[in-house]
Each structure stands twice: as C-alpha cells, then as structure tokens.
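Geometric and topological summary
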Amino acid sequence: MQKWHYKMVTIRDLALSDSKLNAEGERGWELVSMISHDGHTARAFFKMGYEGDLPDGAETGHHPEPSMHH
C-alpha cells in the first residue's frame, strides 16, 4: 500500500501562487487541491510519497491515500 505525507500551504497573495506552487513541486510535493477563501487568499494541499524520512513541512505520521470510491 502506498503511503503519503501531506501538508498545507496558505497563499496570501494569489498573484504569487504560481511561484509558490512551482517551488513546492520542485521539492517533490504534488498539488492535490486548492481552495480559495475570498479571491485573495487560498490554501493549497500537497502530498508526497512516503520514502522513510519526513520531508520538511510535512505532518508527522503516515496516511494511506484516501479512497476515490464512494
């Protein structure tokens, strides 16, 4: 079973979102979802496959990937 680390990043200025999202991608994080709050700020949710050590900024613990079946 694949295990994942998850983290959330708050983006306070959506004009800067591309550079912030790309920076996380370069560190190996995969964007899962992005939720806009008011048109100016958003929360971006990322996951990264578990490979032993906890990456910088990840939650502690290991979570299996949520099932996509309802």
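See the structure shown above.
Numbering of residues starts from 1 in each chain and follows the order in which that chain's sequence is written. Owing to the predicted nature of the model, reporting of local features is limited to residues with pLDDT of at least 70; listing and counting of side-chain atom pairs is limited to 80 or more, with chain, interface and lining totals taken over all residues. Each side-chain value is derived from all of the structure's non-hydrogen atoms; neither hydrogens nor water enter the calculation.

Bringing the packing of aromatic side chains into the picture now. Stacked, tilted and edge-to-face pairs are distinguished by plane angle, under 30 degrees for stacked and over 60 for edge-to-face with tilted covering the rest, among Phe, Tyr and Trp rings (Trp via its six-membered ring) whose centres lie within 6.5 Å. If you walk through the whole model with that rule in mind, you get zero aromatic pairs. The criterion is that NZ of a Lys, or CZ of an Arg, lies within 6 Å of the ring centre and within 35 degrees of the ring normal, and then a charge sits over that ring. Lying across the ring of Trp4, Lys47 places its NZ or CZ 3.9 Å from the centre.

Two faces make up the sheet, and in a regular strand the side chains alternate between them. A 1.4 Å probe rolled over the protein chains alone gives each residue an accessible area, and that area as a share of the maximum for its type sets the label: buried under 20%, exposed over 50%, partly exposed in between. For the purposes of this entry, the term helix denotes a DSSP run of H or I that reaches at least four residues, the term strand denotes a run of E that reaches at least two, and both are numbered from the N terminus. With six of its eight residues buried, strand β3 (residues 42–49) lies for the most part within the structure. By this definition, two strands are paired if DSSP reports at least two bridges between them. In this sheet, β3 lies alongside strand β1 (residues 3–11) in antiparallel orientation, the contact comprising eight bridges. Pairing of Ile11 across the sheet is with Ala42, part of β3. Inspection of the sheet shows strand β2 (residues 30–36) paired to β3 by six bridges, in the antiparallel sense. If you follow Glu30 over to β3, its bridge partner there is Lys47. As consecutive antiparallel partners, β2 and β3 are separated by five residues, and within that stretch Gly39 has a phi angle of approximately 85 degrees, a positive value.

A side chain with one charge can pair with a side chain of the opposite charge if their charged atoms come near. By definition, a salt bridge exists where a carboxyl oxygen of Asp or Glu is found within 4 Å of a side-chain nitrogen of Lys or Arg. Going through the model one piece at a time under the given rule, you end up with two salt bridges. Of the charged contacts in the structure, one is a salt bridge between Lys7 and Glu24, with a shortest N-O distance of 2.6 Å. Remark: Glu24 occurs in helix α1 (residues 17–26) and Lys7 occurs in strand β1; sequence separation between them is 17 residues. On the basis of relative accessibility, which here comes to 11%, the residue Lys7 falls in the buried class. Its salt-bridge partner being Glu24, residue Arg27 comes within 2.9 Å of it at the nearest N-O pair. With a relative accessible area of 53%, Arg27 lands in the exposed category.

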